[in-house]
Amino acid sequence: MTHESSQDARGARREQIVEAAKKLFSESGYHNTSVSDIISLVGIARGTFYLYFASKNNIFDAILDSALTGLEARIERVRVDDNAPPPRDQLHERIHRIITFLLEDRALSRILLNHGLMPDADVAERVNAFYENVIRLIDTSLQYGVGVGLVRPCD
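Residues numbered from 1 in each chain as written. Predicted model: local features only at pLDDT ≥ 70, side-chain atom pairs only at ≥ 80, totals over all residues. Heavy atoms only, no water.

**Some points on the packing of aromatic side chains**
For any pair of aromatic rings, the description rests on two quantities: the centre-to-centre distance and the angle between the ring planes.
Then, in step 1: Within this structure, the stated rule accounts for six aromatic pairs.
Then, in step 2: Taking the centre distance of 5.1 Å and the plane angle of 65 degrees together, the rings of Tyr30 and Phe60 count as edge-to-face. Taken together, the positions of Tyr30 in the loop between helix 1 (3–28) and helix 2 (35–42) and Phe60 in helix 4 (residues 56–74) put the pair 30 residues apart, joining distant regions of the chain.
Then, in step 3: Under the relative-accessibility criterion, Tyr30 is labelled buried at 4%.
Then, in step 4: Taken together, the aromatic side chains of Phe25, Tyr30 and Phe60 make up a single cluster linked through ring pairs.
Then, in step 5: Sitting over the ring of Tyr52, Arg10 keeps its end group 4.6 Å from the ring centre.
Then, in step 6: Looking at Arg126, its charged tip hangs above the ring of Tyr30, at a distance of 5.5 Å from the centre. (Phe/Tyr/Trp six-rings, centres within 6.5 Å; stacked < 30°, edge-to-face > 60°. Helix = DSSP H or I, 4+ residues; strand = E, 2+ residues; numbered from the N terminus. Buried < 20%, exposed > 50% of the residue type's maximum accessible area, 1.4 Å probe, protein only. Lys NZ or Arg CZ within 6 Å of the ring centre and 35° of its normal.)

**Looking at the packing of helix 4 against helix 6 (residues 106–114)**
Then, in step 1: Helix 6 packs onto helix 4 with a crossing angle of 105 degrees between their chain directions and a minimal axis gap of 11 Å. Relative to helix 6, the element helix 4 is oriented roughly perpendicular. Where helix 4 abuts helix 6, its residues Phe60, Ile63, Leu64 and Ala67 lie against Leu108, Ile111 and Leu112.
Then, in step 2: When its residues are assigned to classes, the contact of helix 4 with helix 6 shows seven nonpolar, no polar and no charged. (Axes fitted to C-alpha atoms, helices over the stretch in contact; angles between N-to-C directions. Parallel < 35°, antiparallel > 145°, perpendicular 65-115°, else oblique. Contact = heavy atoms within 4.5 Å. Nonpolar A, V, L, I, M, F, W, Y, C, P; charged D, E, K, R; others polar.)

**Focus: a nonpolar patch on the surface**
Then, in step 1: A contiguous nonpolar patch, built from Leu91, Ile95, Ile99 and Leu103 and spanning about 370 Å² of accessible area, is present on the exposed surface.
Then, in step 2: As for its position among the elements, Ile99 is in helix 5 (residues 87–104).
Then, in step 3: By relative accessible area, which is 46% here, Ile99 ends up partly exposed. (Patch = residues over 30% accessible without salt bridge, like charges linked within 9 Å, V, L, I, M, F, W, Y side chains within 5 Å. Areas by Shrake-Rupley, 256 points an atom, 1.4 Å probe, with all protein chains shown as cover. Salt bridge = Lys/Arg side-chain N within 4 Å of Asp/Glu carboxyl O.)

**Let's talk about the pattern of salt bridges**
Then, in step 1: Counted according to the given criterion, the structure contains 10 salt bridges.
Then, in step 2: For Glu76, the salt bridge is made with Arg94, and the minimal N-O distance between the two is 3.6 Å. In this pair, Glu76 sits in the loop between helix 4 and helix 5 while Arg94 sits in helix 5, placing the two residues 18 residues apart along the sequence.
Then, in step 3: With a shortest N-O distance of 3.5 Å, Arg94 and Glu93 are connected by a salt bridge.
Then, in step 4: On the basis of relative accessible area, Arg94 is assigned to the buried category, the value being 10%.
Then, in step 5: What makes Glu93 partly exposed here is its relative accessible area of 32%.
Then, in step 6: Residues participating in the shared-partner salt-bridge network are Glu76, Glu93, Arg94 and Arg97.

**Looking at the confidence of the model for the protein**
Then, in step 1: When the pLDDT values of the protein are averaged, the result is 87; 94% of them are 70 or greater.
Then, in step 2: Per-element confidence in the protein ranges from a low mean pLDDT of 84 for helix 7 (residues 121–147) to a high of 97 for helix 2. (pLDDT = per-residue confidence, 0-100.)

**Regarding the nonpolar core**
Then, in step 1: Counting residues in hydrophobic clusters, the biggest one holds 32 residues, and the most contacted among them are Ile17, Phe25 and Phe49.
Then, in step 2: Contributions of two or more residues to this core are made by helix 1, helix 2, helix 3 (46–52), helix 4, helix 6 and helix 7.
Then, in step 3: The dominant element in this core, judged by the number of residues it contributes, is helix 4, at eight residues. (Core = buried A, V, L, I, M, F, W, Y, C linked by side-chain atoms within 4.5 Å.)

**Section: the packing of helix 4 against helix 5**
Then, in step 1: Contact pair helix 4 / helix 5: the axes reach a minimum separation of 9 Å and the direction vectors enclose 160 degrees. As far as their axial angle goes, helix 5 and helix 4 are roughly antiparallel. The two elements helix 4 and helix 5 meet at a crossing, and its hand is right-handed. For the pair formed by helix 4 and helix 5, the contact residues are Ala67, Gly70, Leu71, Ala73 and Arg74 on the first element and Arg94, Arg97, Ile98 and Phe101 on the second.
Then, in step 2: Classifying every residue of the contact of helix 4 with helix 5 gives five nonpolar, one polar and three charged. (Left-handed = near helix turned anticlockwise from the far one by under 90°.)

Pasting the structure below:
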């Protein structure tokens, strides 16, 4: 097995663990899901889990980081050059990409919508930090829109 293919296999295994955790967190909640539940669903040994993630907290953070990266990848600046499509069309396309991203990953959407309400304060705090990052992205985009004259200044 080449180094590249072993890296691919490692990445695929990591993704398999993340997807299983995401499924379980979305169905049972973070607090009610154990590492044992995750490894059972994936069909791996406990040691294999810990090769990829130090803890259940670590895998939850990986899910949130991946979600933020996915959103960031779909948020692009509106182009205002002569060859650019109309700004409204660009905004519509970007909003469509963001909504599609969330609808295609229902487990992620359930986690993001429900975990802020969970009794586990640490999980709620981490989800709130995720939303603060999303708000930062939106604010940066709006400030750019104001700067190029596409959005009127407001509070």
